[in-house]
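# Coordinate inspection notes
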Amino acid sequence: QVQLVESGGGLVQAGGSLRLSCVASGIIFSASNMGWYCQAPGKQRELVATITNGGITNYADSVKGRFTISRDNAKNTAYLQMNSLKPGDTGVYYCSAAPRYTRATYWGQGTQVTVSS
């Protein structure tokens, strides 16, 4: 059974920082591309950052220079370090996992991030 469990969300003031974690089980984590997505109020879910199984990262333009995605294969965990948070970053953040050579994509339950002005 595949399970992705996010944690680390919360309420912070603009300019603050949070670190989100995603612990994966039921997949070969080291062979999976990982991603973070955000669903803001009234909007569709949008890509925030991705990291391949080889450690190559990509970011949405809106978070470049502020957010960092990383992974620790020994812990089956992906992270999203969020600095210089803005009210526009508010939303539910979801972790995704896409094992290589499959067409499946798995999602966590989400963790709420709220940035106040």
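To be clear, the structure that these remarks concern was listed above.
Let me sum up the structure you'll find in this document.

Thresholds applied
- Residues numbered from 1 in each chain as written.
- Predicted model: local features only at pLDDT ≥ 70, side-chain atom pairs only at ≥ 80, totals over all residues.
- Heavy atoms only, no water.
- Core = buried A, V, L, I, M, F, W, Y, C linked by side-chain atoms within 4.5 Å.
- Buried < 20%, exposed > 50% of the residue type's maximum accessible area, 1.4 Å probe, protein only.
- Helix = DSSP H or I, 4+ residues; strand = E, 2+ residues; numbered from the N terminus.
- Contact = heavy atoms within 4.5 Å.
- Disulfide = S-S within 2.5 Å.
- Phe/Tyr/Trp six-rings, centres within 6.5 Å; stacked < 30°, edge-to-face > 60°.
- Lys NZ or Arg CZ within 6 Å of the ring centre and 35° of its normal.

### Details of the nonpolar core
Among the nonpolar cores identified, the biggest contains 27 residues, and Met34, Trp36, Val48, Phe67, Leu80, Met82 and Tyr93 are the most heavily contacted of them. If you list the elements that add at least two residues to this core, you get β3 (18-25), β4 (32-39), β5 (45-51), β7 (67-72), β8 (77-82), β9 (91-99) and β11 (111-116). Apart from the residues lying within four places of it in its own chain, the contact partners of Leu80 are Leu18, Arg19, Leu20, Trp36, Val48, Ala49, Phe67, Thr68, Ile69 and Tyr93.

### A word on the state of the cysteines
One pass over the full model with this rule turns up 1 disulfide. The disulfide partner of Cys22 is Cys95, and the S-S distance across this bridge is 2.0 Å. An S-S torsion of about -75 degrees defines the bridge between Cys22 and Cys95 as left-handed. Of this pair, Cys22 sits in strand β3 while Cys95 sits in strand β9, and the two are 73 residues apart along the sequence. The pair formed by Cys22 and Cys95 is uniform in burial state, with each residue classed as buried.

### Examining the side chain of Ser21
With respect to the helices, strands and loops of the structure, Ser21 is situated in strand β3. Contacts of Ser21, omitting those with residues within four sequence positions, involve Val5, Glu6, Ser7, Trp36, Thr77, Ala78 and Tyr79.

### Points about unusual backbone geometry
Located in the positive-phi region is Ser84, a residue other than glycine, with phi close to 50 degrees. Counting through the fold element by element, Ser84 comes out in the loop between β8 and β9. Backbone geometry places Tyr101, a non-glycine residue, at a positive phi of 70 degrees.

### Looking at the packing of aromatic side chains
If you walk through the whole model with that rule in mind, you get 1 aromatic pair. Residues Tyr37 and Trp107 carry aromatic rings whose centres are separated by 5.0 Å and whose planes lie at 65 degrees to one another, so their mutual orientation is edge-to-face. You can see Tyr37 sitting in strand β4 and its partner Trp107 sitting in strand β10 (residues 106-107), a full 70 residues away along the chain. Take Trp107: its relative accessible area is 37%, and that puts it in the partly exposed class. Positioned over the ring face of Tyr94 is Arg45, at 3.7 Å from the centre of the ring. The ring of Phe29 has Arg71 sitting right over it, with the charged end atom 4.5 Å from the ring centre.

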